[in-house]
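Fold and contact review
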Amino acid sequence: MILLVDTLAFYWLQSVTKLIPSTFFQNIIHTAFWIFSIGLISSILLLKSRIDAFHPQLKQFLITSLYGIVIASFIPKLIFVIVISVLYYTNYVFSEEESLIAIPIIGLFSGFLPFLVILHSIFRTLYRFKIYHIKINFKNLPAAYEGLRIVHISDLHLGSFRSRYHILERAVKIINHLEPDFIFFTGDLVNNHAWELKGWQSVLKKLNAKMGKYAVLGNHDYGDYGNWKSEQRKLSNFESIKYFYKKIDFKLLLNEAVSIEKEGQKLAILGVENWGKPPFKQYGDLKKTLSSVLNIPFKILLSHDPSHWNEEVKDKTNIALTLSGHTHGMQAGINIKSKNWSPIQYKYKQWAGLYKHYNQYLYVTRGVGWMGFPGRLGMRPEITFIELHQ
């Protein structure tokens, strides 16, 4: 695909470079174009053929770096090819003489603009944390919890930060400044491996909540996407990830619930293991999770995958609020006031923001970290601040 698009892009690029009077500079541009293209394709093939020879940390860095370069190169070229082809073959605007100059320039601009936007998403937006302040009213919220302050975070993917602790320390300061009663984390602490947690204990332990910190697992926390030499190594990796939550003073909820009491009134916090539609596995057991708190009217559920809400929560339980992550908002989309769009919405009905069904609510955060593409295009990393009211 890269080679095909680059071949078409080069064909049309020549209509731009021929406007340059110097043949020498034309040749430099043409040569640089193909050096980059062949170099990128060769790097992908080399990494693919020797991927097991690299240390996991280096492998992850190389994959995400190439992912970013491919997106920053492929999409602008594709847009350039489409725009200049459409203008050339359906030209009713310019005269034949004007089109020799106008069409190449417009086509070039159409390629450079998305290129600059993608660069901005990689080098500027990726770690510009945004607070989403949500207020939700419940008829059955116990009076003792009026104005309850919740910070909801998800999808840290610590391996993607590559030990740049200072970046996440900024998020920790923002969260603590909100003075939450609870901090809820809804999974995907790592990309796959427990070694990604090295050094993060001192950062994440600084998170403060007056009434408690709770977490659940995400699909990436089980090690299901790794190549393990034995099942024992996979299990050891999984146990290390679970134990890390104790180090940072989070209560990890594994298909279980806790009852919180204040001024003689109770609410329940439930946490299920990851439950998603295939190919994602269904470790979650909501029936088991509910069993110990059936007599508590107001319940908050932590469940990593938002598809769980549709399948097992709404209309089937009396859970008031479900908090999820997982989608990242695809790390690309549009968020302009009430206008939200992302390609991920064609896969997930609930993909970002607040959803209501009668007296039940679901909130899906866009996540704090990133996975795969090292950028966030119109989909900034999210810290969700939720206030509950009667």
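Since the structure is predicted, the reported quantities are computational estimates derived from the model, not experimental observations. (Residues numbered from 1 in each chain as written. Predicted model: local features only at pLDDT ≥ 70, side-chain atom pairs only at ≥ 80, totals over all residues. Heavy atoms only, no water.)

1. Topic: the overall build of the protein
What the protein contains, in helices and strands, is nine helices and 14 strands. Split into buried and exposed, the 390 residues of the protein put 52% on the buried side. In the protein, the share of contacts with a sequence separation of at least 24, taken over all contacts with a separation of at least 6, comes to 75%. Only carbon and sulfur atoms are counted for the fraction: they give 61% of the accessible area of the protein, which is about 19,500 Å². When the 44 basic and 28 acidic side-chain charges of the protein are each reduced to a single mean position, those positions are 3 Å apart. (Helix = DSSP H or I, 4+ residues; strand = E, 2+ residues; numbered from the N terminus. Buried < 20%, exposed > 50% of the residue type's maximum accessible area, 1.4 Å probe, protein only. Contact = heavy atoms within 4.5 Å. Areas by Shrake-Rupley, 256 points an atom, 1.4 Å probe, with all protein chains shown as cover. Lys, Arg positive; Asp, Glu negative; His and termini not counted. Charge placed at Lys NZ, Arg CZ, Asp CG, Glu CD.)

2. Quick word on the sheet that holds strand β1 (residues 130-137)
Strand order in the open sheet formed by six strands is β1-β14-β2-β3-β4-β5, and the pairing between neighbours is mixed. Of all the strands in the sheet, the pair left with one neighbour each is β1 and β5 (251-252). Across two bridges, strand β4 (residues 212-215) lies against β5 in parallel orientation. Note that in β5 the partner of A215 across the bridge is L252. Docked against the sheet, helix α5 (residues 165-177) engages β1, β2 (148-153), β3 (182-185) and β14 (382-389), running at close to 15° with respect to β14. (Pairing = 2+ DSSP bridges. Axes fitted to C-alpha atoms, helices over the stretch in contact; angles between N-to-C directions.)

3. Topic: the pattern of salt bridges
Under the definition given, this model contains eight salt bridges. The partner of K206 in a salt bridge is E169, with the nearest N and O atoms 3.6 Å apart. With a gap of 37 residues between them, K206 in the loop between α6 (201-204) and β4 and E169 in helix α5 connect regions that are remote in the sequence. Of the residues examined, K206 reaches a relative accessible area of 43% and is grouped as partly exposed. For E169, a relative accessible area of 26% puts it in the partly exposed group. The closest approach of N and O atoms between E382 and R366, which form a salt bridge, is 2.9 Å. One end of the pair, E382, is in strand β14; the other, R366, is in the loop between β13 (360-364) and β14, with 16 residues separating them in the sequence. Assessed through its relative accessible area of 0%, E382 is described here as buried. Take R366: its relative accessible area is 3%, and that puts it in the buried class. Connected via shared salt-bridge partners are D224, K234 and K281. (Salt bridge = Lys/Arg side-chain N within 4 Å of Asp/Glu carboxyl O.)

4. Remarks on the sheet that holds strand β6 (residues 256-262)
Within a sheet, each strand pairs with its neighbour through backbone hydrogen bonds, oriented either parallel or antiparallel. Taking strand neighbours across the sheet as the criterion, the six strands line up as β6-β7-β8-β9-β13-β12 in an open arrangement whose pairing is mixed. Edge positions in the sheet fall to β6 and β12 (353-357), since each of these pairs with one other strand and no more. Adjacent strand axes in the sheet meet at a mean angle of 20°, parallel and antiparallel pairs treated alike. Judged from the three bridges that link them, strand β8 (residues 299-302) and strand β9 (residues 321-324) form a sheet pairing that is parallel. The residue of β9 that forms the bridge with I300 is L321.

5. Things to note about the packing of aromatic side chains
If you walk through the whole model with that rule in mind, you get 19 aromatic pairs. Seen from their ring centres, F33 and W34 are 5.3 Å apart, and the 80° between their planes marks the pair as edge-to-face. Ring centres of Y165 and W200 lie 4.7 Å apart, and the angle between their planes is 70°; on these two criteria the pair is classed as edge-to-face. You can see Y165 sitting in helix α5 and its partner W200 sitting in the loop between β3 and α6, a full 35 residues away along the chain. A connected cluster of aromatic rings, assembled from ring pairs, spans Y11, W12, Y88 and Y89. Note that K77 overlies the ring of F33, its terminal NZ or CZ placed 4.7 Å from the centroid. (Phe/Tyr/Trp six-rings, centres within 6.5 Å; stacked < 30°, edge-to-face > 60°. Lys NZ or Arg CZ within 6 Å of the ring centre and 35° of its normal.)

6. Some remarks on the packing of helix α3 (residues 56-89) against helix α4 (residues 96-123)
The packing of two helices is summarised by the inter-axis angle and the distance between the axes. Orientation of α3 relative to α4, taken along the N-to-C sense of each, is 155°, at an axis distance of 8 Å. With respect to each other, α3 and α4 are oriented roughly antiparallel. α4 is crossed by α3, and the crossing has right-handed handedness. Within the contact between the two elements, α3 uses G68, I71, A72, I75, P76, I79, F80, V83, I84, L87 and Y88 and α4 uses I103, P104, I106, G107, L108, S110, G111, P114, F115, I118 and I122. When its residues are assigned to classes, the contact of α3 with α4 shows 18 nonpolar, four polar and no charged. (Parallel < 35°, antiparallel > 145°, perpendicular 65-115°, else oblique. Left-handed = near helix turned anticlockwise from the far one by under 90°. Nonpolar A, V, L, I, M, F, W, Y, C, P; charged D, E, K, R; others polar.)

7. Here we look at the nonpolar core
Ranked by internal contacts, the top residues of the largest apolar core, which has 38 residues, are L168, L189, L204 and Y245. A total of five residues in this core trace back to one element, the largest contributor, which is α5. The residues contacting Y245, other than those within four sequence positions of it, are F185, L189, A215, V216, L217, D221, F250 and L252. Counting residues in hydrophobic clusters, the runner-up holds 28 residues, among them I150, V258, A320 and L388. (Core = buried A, V, L, I, M, F, W, Y, C linked by side-chain atoms within 4.5 Å.)

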